[in-house]
Number of protein chains: 2
Amino acid sequence: MKSNAGFLNSQNTHLGNRIFEKMLKDSGIDAFSGAQGRIMYVLWENGTLSVSQVCKLTSLANSTMTVMLDQMEVRGLINRTRNERNRKQILVSLTDTARLYKKEYDYISEKMNNLTYKGFSQEELMMYENMLIRIKKNLEDYIENGENND
Amino acid sequence: MKSNAGFLNSQNTHLGNRIFEKMLKDSGIDAFSGAQGRIMYVLWENGTLSVSQVCKLTSLANSTMTVMLDQMEVRGLINRTRNERNRKQILVSLTDTARLYKKEYDYISEKMNNLTYKGFSQEELMMYENMLIRIKKNLEDYIENGENND
DNA sequence: ATAGTATATTACTAAATAGTAATATTGTCA
DNA sequence: TGACAATATTACTATTTAGTAATATACTAT
């Protein structure tokens, strides 16, 4: 299959990240970055999670996550506690401070969506999302078992 | 507009990058990385370009580009020469060495596409690409002039 | 000629991301 | 009990990406 969708995607990621970081900064939010916001997002949506669940839901590597959680703990955004029901796991939860930022984050996300998907109908946006979900599944499947049967 | 397409996209980027880097490594390619490959890609496709054109075509920031080109020059992948017709510009061109890698890069890209868009019809893939192009335009427009008229 | 603009580099700082190898803790199962 | 697997941290290294401010060079237009 020949396509430059992957390249386009990489471009959009760079552009989008730069815009989003600037939006946060311009909104006076210096308590957290875009990358930290994405981790907070899965915690806002799902409540308390184990570290590996946060990795899974953000698609970040374990080595990345430990570093990010360290920072966020120091900045008072998350707490880490051991899961008493399965003491192998560390549970990550948002602090009250972090919870306060949800509204502002949602507002900026919406602004970001408005400019990113300008000209898209509801149907088109849903179609796009569905494709992203299918792509994600393909990539995850490959990482889990596909590497060995090319 | 409410959507988590941006979040999905960020996930797919992480997963895709990890897979692609590993594919390069597993293919024995240690002469360049995925990020460098994307810069080489626009040079393979367009021939010699000025630095700002490479920035534009990769959607990377200028500060990123200088660093990347420094590395690639040291590794013998690109040359920099001053444009004699417009001596403000530096022209970036691929070395013969870099040109040799095109076939292998294309092969790996195709493998990457096959797994990423598994289950997609030609029409769906084209639709996806078209949406990415529209999104890119929206983001570029915003960076160029939209920041001041929200 | 000079002022302003465009192009690019230099020289920083900082953050995000991933990989690896070693270690600690805990749970599971034979 | 003892071996193994799962979960997470620690302690690195390296790369990618962006921002900023200063500087150099070259073109343009008045």
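Residues numbered from 1 in each chain as written. Chains lettered and ligands numbered in written order. Predicted model: local features only at pLDDT ≥ 70, side-chain atom pairs only at ≥ 80, totals over all residues. Heavy atoms only, no water.

**Q** Tell me about the domain arrangement of chain A, and please be specific about residues and values.
**A** Per the domain assignment, the segments of chain A are domain 1 (19-102) and domain 2 (117-150). Computed from C-alpha coordinates alone, the two centres of domain 1 of chain A and domain 2 of chain A are separated by 24 Å. (Domains from an automatic or database assignment.)

**Q** Summarise the interface of chain B and chain A; cite the residues concerned and give the values.
**A** With 59 residues of chain B at the interface, the matching set in chain A holds 59 residues. For the chain B and chain A pair, buried surface summed over both sides reaches about 5,900 Å², with 62% attributable to carbon and sulfur atoms. On the chain B side of the interface with chain A, the three residues burying the most area are Met1(B), Phe7(B) and Leu139(B), jointly 13% of the side's total. Remark: the boundary between chain B and chain A carries 2 salt bridges. (Contact = heavy atoms within 4.5 Å. Buried area = accessible area lost by both parts, 1.4 Å probe. Salt bridge = Lys/Arg side-chain N within 4 Å of Asp/Glu carboxyl O.)

**Q** Please give an account of the sheet that holds strand 2 (residues 78-82) of chain B that cites residues and values.
**A** Residues and elements named next belong to chain B. One open sheet holds the 3 strands; their spatial order is 1-3-2, and the pairing between them is antiparallel. The open sheet has two edge strands with one neighbour each: strand 1 (49-50) and strand 2. Across 5 bridges, strand 2 lies against strand 3 (residues 90-94) in antiparallel orientation. Residue pairing across strands places Arg 80 opposite Val 92, the latter belonging to strand 3. (Pairing = 2+ DSSP bridges. Helix = DSSP H or I, 4+ residues; strand = E, 2+ residues; numbered from the N terminus.)

**Q** Hey, could you go over the protein's contact with DNA strand C for me, with residue numbers and the actual values?
**A** Neighbouring DNA strand C are 27 residues, the closest being Ser33(A), Ser63(A), Arg87(A), Ser52(B) and Arg80(B). Taking Arg87(A), its main chain carries an N or O atom lying 2.8 Å from a phosphate oxygen of DNA strand C. Of all the secondary-structure elements, those providing two or more residues to the surface near DNA strand C are helix 2 (34-46) and helix 4 (62-74) of chain A together with helix 1 (5-26), helix 3 (51-58) and helix 4 (62-74) of chain B. Sorting elements by how many residues they give to the surface near DNA strand C places helix 4 of chain A first, with 5 residues. Among the residues making up the surface near DNA strand C, the classes are represented as 7 nonpolar, 11 polar and 9 charged. (Near = heavy atom within 4 Å. Polar contact = N/O pair within 3.5 Å; in protein donor to acceptor, adjacent residues only side chain to side chain. Nonpolar A, V, L, I, M, F, W, Y, C, P; charged D, E, K, R; others polar.)

**Q** Give a description of the environment of Met23(B) that names residues and reports values.
**A** Take Met23(B): it is sitting in helix 1. Sequence separation between Met23(B) and Ser109(B) is 86 residues; the distance between their C-alpha atoms is 9.4 Å. When near neighbours in sequence (up to four residues on either side) are disregarded, Met23(B) contacts Tyr142(A), Ile108(B), Lys111(B), Met112(B) and Leu115(B).

**Q** Explain the relation of the copies chain B and chain A residue by residue, including any values.
**A** Mapping chain B onto chain A calls for a rotation angle of 180° and an axial translation of 0.0 Å; the resulting RMSD is 0.0 Å. What we have between these two chains is a two-fold relation. A share of 100% of the interface residues of chain B reappears at the interface of chain A, consistent with the copies meeting face to face through the same patch. (Least-squares fit on C-alpha atoms with pLDDT ≥ 70 in both.)

**Q** Provide a residue-level description of the protein's contact with DNA strand D, including the pertinent values.
**A** Ser52(A), Arg80(A), Ser33(B), Ser63(B) and Arg87(B) are the nearest of the 28 residues found near DNA strand D. When atoms of DNA strand D within 4 Å of the protein are split into backbone and base, the sugar-phosphate part holds 79%. Between a phosphate oxygen of DNA strand D and a main-chain N or O atom of Val51(A), the distance comes to 3.3 Å. At 2.7 Å, a side-chain N or O of Ser52(A) approaches a phosphate oxygen of DNA strand D. Put simply, the parts of the chain that give the surface near DNA strand D at least two residues each are helix 1 (5-26), helix 3 (51-58) and helix 4 of chain A together with helix 2 (34-46) and helix 4 of chain B. Looking at which element gives the most residues to the surface near DNA strand D, the answer is helix 4 of chain B, with 5 residues. Of the residues belonging to the surface near DNA strand D, the class tally is 7 nonpolar, 12 polar and 9 charged.

**Q** So what's going on with unusual backbone geometry? Which residues, and what values?
**A** Residues and elements named next belong to chain A. The phi angle at Ser 59 is positive, at roughly 65°, despite the residue not being glycine. Structurally, Ser 59 is set in the loop between helix 3 and helix 4. Look at Ser 59 and you get buried, because its relative accessible area is 4%. (Buried < 20%, exposed > 50% of the residue type's maximum accessible area, 1.4 Å probe, protein only.)

**Q** Help me get a handle on the pairing of strand 3 of chain B, residues and values and all.
**A** Residue and element names in this part refer to chain B. A large share of strand 3 lies buried, amounting to 4 of its 5 residues. Here 2 bridges tie strand 1 to strand 3, and the two strands are oriented antiparallel to one another. Bridged to Ser 50 within strand 3 is Leu 91.

**Q** Break down the packing of aromatic side chains for me, with residues and values.
**A** Residue and element names in this part refer to chain A. What the rule picks out here adds up to 15 aromatic pairs over all chains. Judged by centre distance (5.3 Å) and plane angle (70°), the ring pair of Phe 32 and Tyr 101 falls under edge-to-face. With a gap of 69 residues between them, Phe 32 in the loop between helix 1 and helix 2 and Tyr 101 in the loop between helix 5 (96-100) and helix 6 (102-116) connect regions that are remote in the sequence. Overall, the relative accessible area of 3% leaves Phe 32 in the buried class. (Phe/Tyr/Trp six-rings, centres within 6.5 Å; stacked < 30°, edge-to-face > 60°.)

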